[in-house]
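Each chain is listed here by its residues.
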Amino acid sequence: MSAPSKIIKICFLLSTFYFLFSFWNSFAQSEKFFEIRAKKFSYTPNIIRVNKGDLVRIRLISEDVHHGFFLDGYGIRTSAHPGQEGSLKFVADKPGRFTFRCSVTCGEFHPYMVGYMIVGPNSRFWMYGGIVLGIGVIAFLTTFLCKKQNVQG
Amino acid sequence: MNKNKERIAVALMILATVVTIVSVFAIENFKRKQFYTVELIARSPLNGNWISRGKDGIWHPRKIYVPYGKEVKLYIRNIETVSHGFALPDFNLDPPINEIKAGEVVIVKFMADKKGAFPFFCTVWCSNEHMHMSGEIVVE
Amino acid sequence: MSKDKLFGLVDLSWRFELTKFKLIRALFKSRWFPLLAIIFNLFIFVIILIAGLIGGFSAGNYNFGIMIVWILWWVMLMFVLVPIFSRAWCLMCPFPIFSDWLQRGALFNVNTGKLNGLNLKWPKALKNMWVMNILFLVTTFFTGFFTVRPLATFILLGGIILLAFIIGIIFEKRSFCLYVCPVSGFQGLYSQFAMAEVRRKDPEICKNHKVKTCFVGNECGHGCPWMLAPFHFTKNTYCGMCLECFKSCPHDNMGFNLRPPGVDLLVDEKRGLDEAWKAFIMLGIAMVFFLTMQGPWGVLKDMVRGASLKGYLTFISLHSAFSLLIVPAIFFFFSWLSKLFSGAKEVSLRKIFTNFSYTLVPLGLGVWIAFSIGIILPNGSYILHIISDPFSWGWNLFGTKNFPWTPVFTGSLGYLQGLTLVILYLFSLAYGFRLARQTYPDEAQAKRGWIPILVFLTLTTLAFLWLYIG
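Residues numbered from 1 in each chain as written. Chains lettered and ligands numbered in written order. Predicted model: local features only at pLDDT ≥ 70, side-chain atom pairs only at ≥ 80, totals over all residues. Heavy atoms only, no water.

A word on the overall build of chain B. When helices and strands are tallied, chain B shows 1 helix and 10 strands. The helix and strand sequence of chain B, counted from the amino end, reads α-β-β-β-β-β-β-β-β-β-β. A principal-axis box enclosing the C-alpha atoms of chain B has dimensions of 70 × 35 × 25 Å. Residues counted as buried form 46% of the 140 residues belonging to chain B. Expressed as a percentage of contacts within chain B between residues at least 6 apart in sequence, the contacts between residues at least 24 apart total 60%. A total of about 7000 Å² of accessible surface is found on chain B, and carbon and sulfur atoms cover 56% of it. (Helix = DSSP H or I, 4+ residues; strand = E, 2+ residues; numbered from the N terminus. Buried < 20%, exposed > 50% of the residue type's maximum accessible area, 1.4 Å probe, protein only. Contact = heavy atoms within 4.5 Å. Areas by Shrake-Rupley, 256 points an atom, 1.4 Å probe, with all protein chains shown as cover.)

The following block contains the structure:
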């Protein structure tokens, strides 16, 4: 096959290996504490990273009005008034990226007040990424290996 | 030509549009007549503070005027984007309320069985001026 | 011609005619359908407008207008109406009812003869998606307002229905629906992927039918208000499923069919840069919307909601540049690579660019469906509140006024989004390769020319995957 095709085939394989390699990196479990400040309409820090199995503690502080905190996937919530904090304690047993959202109407952009908690390794992402990449590679190969094409690629 | 069917179609159109608009406001009007209804708008002191309107149709800032001896229905409407609260310690509010969320209307009833002036205030931190978000109910 | 099977499973020429069932055909032929559905939606629309006006500047999540339009209707459109039923929303849309009434002089009956109004022809140069592309993009500039402030939704929807009426007085028939309505643009393009269609059944009958009543109209039905020729149109793009042709055809030769998704993408007619740009704009908007509204960056949200004028202007310029220039430029680069790899000298770059832009339709739909999942699962519960208390007057029509905000299935959100992207990515590949063979005359050229596009689709899918669940 032609040179550009060879290069592309190698790139695909390298990326697939990279994805698989990252997937296998594992981290030690520990306790993690986050002080999250809520202000219209975002959180600080807005992205928190923990490892699967970590014991996570969150202290929610409101800097202006009554804000809430609901964690997708875990279904737990708390809220904070200015001067009155909220707290959460849980084990991050589900891997993936989960959105935490404000659960108390705090202003017009309330439905968009979100942050992310990433529980690594983000196996959900790597799995789908791997599937997409795998399909791409298969599509590439079947293009050149089959005589008559009716399937994808 | 289907004259009758055309008439039905036009009637449905009018039903869906004009009749809907008229009904919506008529139903609301009727609901408000059954009690001594007062509309109370919740605003933080930065935006004007409480303001109410009763049967006299006049907006009263930081005051609510109700007649003695009547059952009062208070429509507390939060037109802002933060939560407010409401407390009226001298009367029994039914149902007991704490928070009125943004865009919400909370209805409370109470019996105006005491004459005089009584304080009411916001019970949810809503702004830097929250401590000054208060008013007076006058029963006469 | 050999049987072309999608994924080796479904014959691309498979059609299942729903209107072969007597009840369905009777429904489609009745002048009450879709008139009654339209009137019902008009009623809902009136409530939306009242709620929007009364709601004013209060928070949108307790407002009937905002919740019904941006949570219920928008999600239904992306999830069910367009991918499955093509332009079924257009079938029951209340926007043109006032101008239709004026033009036809009747709601139910058919007046044969000239239509009222000025009946001007839409300018030929604008008989494409460009006006809708720009209008849709401009509408998205205000997403930080009309999705959260009831009054803004009132102004937007009230403005659109007013515009529909004005255009209906001036121009002929459904010119508004065809060339102006912002909703029409993306429905038009994505309906090419839909699993349903309106088509004529037996071509022989049409051939022998001298007066094409489906086009000119008769006492049973109006001539196609979308100005298509029902007896031979081949793509869903400009058919609004108004069903007049079912009523006016004396031979009952129109059919409503289920079909495999995406077959219109292979129909090599009326392809154009306007549709290519629509595909780019939809992808660009999805990315910008997700970053600003579903992302965790407060600075972006401040820009979108106009917290500062400078931030807002930055947002609309970057947003426009991204959808109108950057995404197309990246795709142009891959199209150029396609031509280079293929070695085909006689196929124009413009044709390659245009043809392959249709591979973005399945993926684009997948991106928007995944986006909608992220809206409905966390926020769908608001709908129970607003149907009971639509105007925030303290009503409780269905007893659900106090239903609390309840996100559902949030643990599955990421999986569903990933799955959606993968499935639609597969469709993009399936059609992409077929488009390659349409574009390049030689099989070997098609295979080589396909590779850069395959890479682009894969990278784009990975990018959205990372955005949504990474």
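Picking up where we left off.
Okay, the interface of chain B and chain C next. Of the residues lining the interface, 32 residues belong to chain B; the matching set on chain C comes to 31 residues. Interface area, chain B with chain C, both sides summed: about 2600 Å², of which 70% is carbon and sulfur. On the surface where chain B and chain C come into contact, there are 0 salt bridges. Counting every contact that joins chain B to chain C gives 6 residue pairs in polar contact (both at pLDDT 80 or more). Contributing elements (two or more residues each) for the side of chain B that touches chain C: α1 (3–33), β5 (71–78) and β8 (105–111) of chain B. Counting residues per element, the side of chain B that touches chain C draws most heavily on α1(B), which supplies 18 residues. Of the residues belonging to the side of chain B that touches chain C, the class tally is 16 nonpolar, 6 polar and 10 charged. (Buried area = accessible area lost by both parts, 1.4 Å probe. Salt bridge = Lys/Arg side-chain N within 4 Å of Asp/Glu carboxyl O. Polar contact = N/O pair within 3.5 Å; in protein donor to acceptor, adjacent residues only side chain to side chain. Nonpolar A, V, L, I, M, F, W, Y, C, P; charged D, E, K, R; others polar.)

We now examine a nonpolar patch on the surface. Residues B:I14, B:L15, B:V18, B:V19 and B:V22 make up a contiguous nonpolar surface patch of roughly 410 Å² in combined accessible area. Mapping B:V18 onto the fold places it in helix α1. (Patch = residues over 30% accessible without salt bridge, like charges linked within 9 Å, V, L, I, M, F, W, Y side chains within 5 Å.)

Moving on, we come to the interface of chain C and chain A. Across the contact, 58 residues belong to chain C and 49 residues belong to chain A. Taking both sides of the interface into account, the surface hidden between chain C and chain A amounts to around 4700 Å²; carbon and sulfur atoms contribute 66%. Considering only the surface of chain C that becomes buried against chain A, C:P296, C:W405 and C:I469 emerge as the three largest contributors, covering 13% of it. Along the contact surface separating chain C from chain A lie 2 salt bridges. The salt bridge involving C:R305 is made with A:E108; its shortest N-O contact spans 3.5 Å. Viewed at the interface, chain A and chain C are joined by 17 residue pairs in polar contact (both at pLDDT 80 or more). Those elements that place two or more of their residues in the side of chain C that touches chain A are α14 (273–294), α15 (298–304), α20 (413–439) and α21 (443–469) of chain C. In terms of residue count, the dominant contributor to the side of chain C that touches chain A is α21(C) (14 residues).

Right, let's get into the pairing of strand β7 (residues 86–91) of chain A. Residue and element names in this part refer to chain A. Residue alternation in β7 divides its side chains into a buried set, G86, L88 and F90, and an unburied set, S87, K89 and V91. Bridging between strand β4 (residues 55–62) and β7 involves 6 bridges; their strand directions are antiparallel. Each bridged residue has a counterpart across the sheet, and for L60 the counterpart in β7 is G86. (Pairing = 2+ DSSP bridges.)

Turning to helix α16 (residues 309–342) of chain C, a few remarks are in order. Residues and elements named next belong to chain C. With 34 residues, α16 ought to run about 50 Å at 1.5 Å a step, and its terminal C-alpha atoms sit 48 Å apart, in line with that. Its maximal kink placed at F322, α16 deviates by approximately 45°. Positioned one or two residues after α16, G343 has a phi angle of 75°, which is positive. (Expected span 1.5 Å × (residues − 1). Bend = angle between axes of the 7 residues up to and from the residue.)

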